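Below are the chains, spelled out letter by letter.
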Amino acid sequence: MANSPIAIEELKLNSFSIFQERWFVLMAGDFAEKKYNCMTISWGSLGVIWEKPFVMVAVRPTRYTYQFIQQYPDFTVCAFPAERHKALEYLGSKSGRREDKIAKSGLTACAAEKVAAPVFAEANLVLECRKMYTDPLHEAAFLDPAIVRNYPNRDFHQLYFGEVLAVSGDRALYC
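Within any chain, residue numbers begin from 1 and follow the written order of that chain's sequence. Restriction of local features to residues with pLDDT of at least 70 applies here, the model being predicted, together with a cutoff of 80 or more for giving and counting side-chain atom pairs; totals for whole chains, interfaces and linings are based on all residues. The side-chain quantities take in all heavy atoms of the structure and omit both hydrogens and water.

Chemist: Sorry if this is basic, but what is going on with the overall build of the protein here?
Modeler: Helix numbering and strand numbering both begin at the N terminus, where a helix is a DSSP run of H or I of at least 4 residues and a strand a DSSP run of E of at least 2. Along its length, the protein carries 5 helices and 10 strands. Its C-alpha atoms give the protein a radius of gyration of 16 Å, within 12% of the compact-globule value 16 Å for 175 residues. Accessible surface area values rest on a Shrake-Rupley calculation with a 1.4 Å probe, where residue burial reflects the displayed protein chains alone. Accessible surface computed for the protein: about 9300 Å², of which carbon and sulfur atoms make up 52%. Positive residues here are Lys and Arg, negative ones are Asp and Glu, while His and the chain termini are left out of the count. A charged residue contributes its charge at one atom only: NZ of Lys, CZ of Arg, CG of Asp or CD of Glu. Taking the average location of the 20 positive side-chain charges in the protein and that of its 20 negative ones, the two points are 6 Å from each other. The globule rule used for comparison is 2.2 Å times the number of residues to the exponent 0.38, while the radius of gyration itself is calculated over C-alpha atoms.

Printed below as a string of structure tokens:
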């Protein structure tokens, strides 16, 4: 079934399981310029802030995607059907710095509707976002000391809040 536009008010997601169990792929860069990269993400959030629908993603500065999300004004997050899970594992374990991991994953990058960052043709949910806030995590701000165990190299994530500008997907799954 082909993706179709979904009004943000119609979108039905379990915001807890969509990241941890289904995963997303974050894409940043510019499709028209052929300058972009992606990474699999399982940490993030969805909601409303500053009266706008948002997606928050976390990217470590050591990741190749970091330079793209830093440089470009927007990003996308895409969810996939279960049969694409192996491709997402590949995207999450290889670096676009060393190879064309998108081509090797078997997925197809294509133009988004409203932002310059690409999306994937095989995705069954696409969120197109414009960055509206970013800030690094600071160790001194962790109230739970156990959190720091996620950072043995002290490579704390940079957080990016993106206003959701467009949603498309399989309406049977997400409406």
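Chemist: Is there a simple way to explain the pattern of salt bridges in this structure?
Modeler: It is possible for side chains bearing opposite charge to pair when their charged atoms get close. Salt bridges, as used here, are contacts in which a Lys or Arg side-chain nitrogen is within 4 Å of a carboxyl oxygen on Asp or Glu. Taken as a whole and judged by the stated rule, the model has 7 salt bridges. Here Lys52 makes a salt bridge to Glu163, at a shortest N to O gap of 3.8 Å. Here the residue Lys52 occupies a position in strand β5 (residues 52-59), and Glu163 occupies one in strand β10 (residues 158-169), the gap between them amounting to 111 residues. With a 1.4 Å probe rolled over the protein chains alone, any residue whose accessible area is under 20% of its type maximum counts as buried; one over 50% counts as exposed, and the rest are partly exposed. Given a relative accessible area of 15%, Glu163 falls into the buried group. Ionic pairing is found between Asp155 and Arg60, a salt bridge with its closest N-O pair at 2.7 Å. Here Asp155 is found in the loop between β9 (125-136) and β10, whereas its partner Arg60 is found in the loop between β5 and α2 (64-71), with 95 residues between them in sequence. Several salt bridges converge on common partners, so that one network encompasses Lys52, Arg130 and Glu163.

Chemist: Is there a simple way to think about the nonpolar core in this case?
Modeler: In summary, soluble globular proteins display a tendency toward joint burial of nonpolar side chains. Only buried residues count toward a nonpolar core, which is a set of Ala, Val, Leu, Ile, Met, Phe, Trp, Tyr and Cys residues joined through side-chain atoms within 4.5 Å. Ranked by size, the top nonpolar core spans 27 residues in total, and within it Phe24, Leu26, Val57, Phe75, Val77 and Leu127 carry the most contacts. If you list the elements that add at least two residues to this core, you get α1 (17-22), β2 (24-30), β3 (35-41), β5, α2, β6 (74-79), β9 and β10. In contact with Val57, other than residues within four places in its own chain, are Leu26, Ile41, Ile69, Phe75, Val77, Gln158, Leu159 and Tyr160. Residues count as neighbours in contact if any of their non-hydrogen atoms are within 4.5 Å of one another.

Chemist: Honestly, the pairing of β10 in this entry has me stumped. Any pointers?
Modeler: On a regular strand, one side chain projects to one face of the sheet and the next to the other, so that they alternate. With respect to burial, β10 is a largely interior element, 11 of its 12 residues being buried. Between any two strands, at least two bridges found by DSSP are needed for them to pair. In the sheet, strand β1 (residues 4-5) pairs with β10 via 2 bridges, with the strands oriented antiparallel. Residue pairing in the sheet places Pro5 in a bridge with Ser168 of β10. In this sheet, β10 lies alongside β5 in antiparallel orientation, the contact comprising 6 bridges.

Chemist: Sorry, what's going on with helix α3 (residues 85-93) here?
Modeler: For the α-helix, the turn length of 3.6 residues means that residues three or four positions removed from each other point alike. All of the buried residues in α3 are Ala87, Leu88 and Leu91. All buried residues of α3 project into a common sector of 100 degrees when viewed along the axis, lining one side. Exposed and oriented more than 90 degrees from the buried face of α3 are Lys86 and Ser93. Elements that come into contact with the buried residues of α3 comprise α1, β2, β3, α4 (101-105) and β8 (119-120). Directions drawn from the helix axis to the C-beta atoms are what define this arc.

Chemist: What is the right way to look at the state of the cysteines in this model?
Modeler: Note on terminology: a disulfide is the covalent bond linking the sulfur atoms of two cysteines. The criterion for a disulfide is a pair of cysteine sulfur atoms lying within 2.5 Å. Throughout the structure, instances matching the rule amount to 0 disulfides. Not part of a disulfide, Cys175 finds its nearest cysteine sulfur in Cys78, a span of 16 Å.

Chemist: Whenever I open this one, the packing of aromatic side chains confuses me. Can you help?
Modeler: Describing an aromatic ring pair means giving the distance of the ring centres and the angle of the ring planes. In summary, the pairing rule links any two rings of Phe, Tyr or Trp, Trp by its six-membered ring, whose centres are within 6.5 Å, and it sorts them by plane angle into stacked for under 30 degrees, edge-to-face for over 60 and tilted for everything else. Across all of its chains, the model carries 11 aromatic pairs by this definition. Look at Phe19 and Phe24: their rings are 4.9 Å apart centre to centre, the planes differ by 65 degrees, and that puts the pair in the edge-to-face class. For Phe19, a relative accessible area of 2% translates into the label buried. Relative to Phe156, the ring of Phe142 has its centre 5.7 Å away and its plane inclined at 65 degrees; by these criteria the two rings are edge-to-face. One end of the pair, Phe142, is in the loop between β9 and β10; the other, Phe156, is in the loop between β9 and β10, with 14 residues separating them in the sequence. An identical accessibility class is assigned to Phe142 and Phe156; each is buried.

Chemist: Please explain α2 as it appears in this structure.
Modeler: Considered for burial, the residues of α2 that qualify are Tyr64, Thr65, Tyr66, Phe68 and Ile69. Buried residues in α2 make contact with β2, β3, β5, β6, β9 and β10.

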